[in-house]
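Breakdown of the fold
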Amino acid sequence: MERTGLSASDRPVEVAVVGSTGSIGTQALDVVAAEPERFQVVALAARRSVEALATQAKALRPALVAVADEDMAKALEAAVPKGTEVLAGPAGLAEVARRGDVVLNAAVGFAGLPVTLAALEAGRRLALANKESLIAGGPVVQPARRTPGAEIVPVDSEHCALHQCLRAGGGPGEVARLVLTASGGPFRGRDPAELAAVGVAEALAHPTWRMGPKVTVDSSTLMNKGLEVIEAHELFGVDYDRIDVVVHPQSVVHSMVEFTDGATVAQLSRPDMRMPIGYALGYPRRLSHPFGALDWTVLERLDFERPDRGVFRCLALAEEAGRAGGLVPAWLNAGNEVAVAAFLEGRIAWGAIAEVVAETLSGFDSPPPGDVGDVIEADRRARARAEVAVAGRGGHR
Ligand SMILES: NC(=O)c1ccc[n+]([C@@H]2O[C@H](COP(=O)([O-])OP(=O)(O)OC[C@H]3O[C@@H](n4cnc5c(N)ncnc54)[C@H](OP(=O)(O)O)[C@@H]3O)[C@@H](O)[C@H]2O)c1
């Protein structure tokens with residue numbers, strides 16, 4: 001606020017979005033469009049979707065746009081309005097992450113780590129969708145959170161729900177456990193024998209959420225829920241013995257906090273990511289637009305069941321990696337990113353994703369990190385190991 005001399009209520013919240021062309025990024029721009037007097041987009045970034053980024057820049061007139069892929073910068077420069085600064089590569093993305101009052105990190109995968117660090121080190125509020133940066137980079141992200149002014153408000157619907165429950169329900173010493181809900185994905189209840197033959201299209205057919213391909217495959221294996229257990233531990237400092245997962249196919253209860261007196265506070269809303277995105281962008285003030293409002297007359301039932309860690313091995317692998325700590329979650333994340341990419345390219349079967357992750361983790365050899373370079377090196381080593389594991393399962397097609 002000091003930068004302009006205006007108070008928060010005098011001017012719009014300035015928003016920077018990394019990953020603006022993706023599922024979360026475009027929904028964030030919907031939120032901005034729904035409350036134009038409240039938000040102003042000042043910077044946008046993507047990997048290489050030049051056309052989509054240029055269209056966004058023409059409509060929103062941000063001061064800065066950036067692409068991760070350096071080869072795309074020239075094409076972007078030619079396509080954006082005059083006066084819009086264009087940057088490229090990791091330095092360009094980091095500059096976007098230093099702009100505005102709130103930075104939405106909606107990039108996908110480990111590539112989001114420099115964005116998370118740049119935003120926090122610049123003392124920004126970080127609306128965090130890119131869970132991979134916190135999971136792989138926990139040991140270096142935690143110190144960056146202590147920068148004056150830096151704050152993470154989670155966008156992942158489960159963690160956004162926990163944030164709301166904790167805000168409403170009680171103090172940190174009163175939390176008994178966090179309960180993360182999981183839709184169960186497209187393969188909930190399926191016979192394990194059938195799962196050997198499932199293809200990419202089936203894995204991408206999520207029953208309740210429309211998301212980018214990587215997180216959708218993660219939802220089908222329950223790796224997404226495993227990553228979210230680690231994310232909850234990193235965000236809220238609750239130990240793993242007090243973080244549970246329950247399958248809830250309707251995706252209406254987004255997560256719950258049980259307090260020491262046995263009371264459970266839950267957050268319910270429609271499965272619409274614009275609600276948690278708007279919560280994180282507008283925090284601490286809620287949106288006026290009711291993206292999450294439920295129609296209680298059509299909501300017939302809410303079901304809950306245990307996840308099957310025998311069939312969905314990725315959930316158990318992630319929980320073990322989280323408990324091991326250090327850079328083990330970075331190896332888990334890297335192994336999973338390589339395995340999911342290989343599955344989407346038809347190089348391995350769905351069931352091999354967990355095998356590749358397990359084989360990657362079995363080679364873990366990274367000492368505790370001193371700095372971000374150590375995290376990047378751990379990610380590199382784990383990816384190399386995962387590629388060998390993928391090659392050993394080749395010839396899927
Ligand atoms: N989608 C959801 O509903 C949802 C829900 C909860 C959490 N999340 C999390 O949110 C994050 C984004 O997911 P998504 O579903 O929105 O993914 P997505 O649809 O695949 O979009 C990814 C976005 O990130 C950009 N990007 C990819 N690699 C990049 C890089 N190296 N540097 C900079 N930008 C890069 C893409 O740009 P290009 O278009 O140029 O490739 C695109 O704008 C993930 O961490 C995911 O787990 C998503």
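These notes cover the structure that comes with them. Since the structure is predicted, the reported quantities are computational estimates derived from the model, not experimental observations.

1. Here we look at the overall build of the protein
Within the protein, the secondary structure is distributed over 16 helices and eleven strands. Its C-alpha atoms give the protein a radius of gyration of 20 Å, near enough to 21 Å, the size a compact globule of 397 residues would have. Its C-alpha atoms give the protein principal-axis dimensions of roughly 60 × 50 × 40 Å. The buried share of the protein, reckoned over its 397 residues, is 54%. Considering only intrachain contacts with a sequence separation of at least 6, the fraction spanning at least 24 residues in the protein is 68%. A total accessible area of about 16,600 Å² is found for the protein, and carbon and sulfur atoms account for 52% of it. Each charge class in the protein can be summarised by its mean position, and for the 40 positive and 50 negative side chains these summaries are 3 Å apart.

2. Observations concerning the state of the cysteines
Tallying each qualifying case throughout the model produces zero disulfides. With no disulfide partner, Cys165 has as its closest neighbouring cysteine sulfur the one in Cys160, 9.6 Å distant.

3. Quick word on the pairing of strand β9 (residues 243-247)
The two faces of a sheet get side chains in turn, since along a regular strand they alternate between them. Within β9, four of the five residues are buried, which leaves the element mostly enclosed by the surrounding structure. Here strand β8 (residues 175-182) pairs with β9 via five bridges, running parallel. Residue pairing across strands places Leu180 opposite Val245, the latter belonging to β9.

4. Details of the pairing of strand β7 (residues 151-154)
Where strand β6 (residues 125-128) meets β7, four bridges bridge the pair, whose relative direction is parallel. Looking at β7, one finds that Leu126 is bridged to Ile152. The handedness of the β6 to β7 crossover, carried by helix α6 (residues 131-144), is right-handed.

5. A word on the packing of aromatic side chains
Summed over all chains, the structure comprises four aromatic pairs. Judged by centre distance (5.8 Å) and plane angle (50°), the ring pair of Tyr279 and Tyr283 falls under tilted. For Tyr279, a relative accessible area of 3% corresponds to the buried category. On the accessibility criterion, Tyr283 (15% relative accessible area) is buried. Between the aromatic rings of Trp331 and Phe364, the centroid separation amounts to 5.5 Å while the plane-to-plane angle is 75°, which identifies the pairing as edge-to-face. Linking Trp331 in helix α14 (residues 328-344) with Phe364 in the loop between α15 (352-361) and α16 (372-391), this pair joins segments that are 33 residues apart in sequence. With a relative accessible area of 2%, Trp331 lands in the buried category. What makes Phe364 partly exposed here is its relative accessible area of 29%. Here the aromatic cluster, defined as three or more aromatic residues joined through ring pairs, consists of Phe187, Phe312 and Trp350.

6. Describing the site of the ligand
Neighbouring the ligand are 25 residues; Thr21, Arg48, Ser49, Glu132 and Gly212 lie closest to it. Here Arg47 contributes a side-chain N or O atom positioned 2.9 Å from an oxygen atom of the ligand. The separation between an oxygen atom of the ligand and a polar side-chain atom of Ser49 is 2.6 Å. Broken down by secondary-structure element, the contributors of at least two residues to the shell around the ligand are α1 (23-34) and α6. Looking at side-chain class alone, the shell around the ligand contains twelve nonpolar, eight polar and five charged residues. Each of domain 1 (13-154) and domain 2 (159-270 + 290-309) accounts for three or more of the residues forming the shell around the ligand.

Reading the values: the criteria
- Residues numbered from 1 in each chain as written.
- Predicted model: local features only at pLDDT ≥ 70, side-chain atom pairs only at ≥ 80, totals over all residues.
- Heavy atoms only, no water.
- Helix = DSSP H or I, 4+ residues; strand = E, 2+ residues; numbered from the N terminus.
- Rg over C-alpha atoms; globule rule 2.2 N^0.38 Å.
- Buried < 20%, exposed > 50% of the residue type's maximum accessible area, 1.4 Å probe, protein only.
- Contact = heavy atoms within 4.5 Å.
- Areas by Shrake-Rupley, 256 points an atom, 1.4 Å probe, with all protein chains shown as cover.
- Lys, Arg positive; Asp, Glu negative; His and termini not counted.
- Charge placed at Lys NZ, Arg CZ, Asp CG, Glu CD.
- Disulfide = S-S within 2.5 Å.
- Pairing = 2+ DSSP bridges.
- Right-handed = clockwise from strand over helix to strand, strands pointing away.
- Phe/Tyr/Trp six-rings, centres within 6.5 Å; stacked < 30°, edge-to-face > 60°.
- Near = heavy atom within 4 Å.
- Polar contact = N/O pair within 3.5 Å; in protein donor to acceptor, adjacent residues only side chain to side chain.
- Nonpolar A, V, L, I, M, F, W, Y, C, P; charged D, E, K, R; others polar.
- Domains from an automatic or database assignment.

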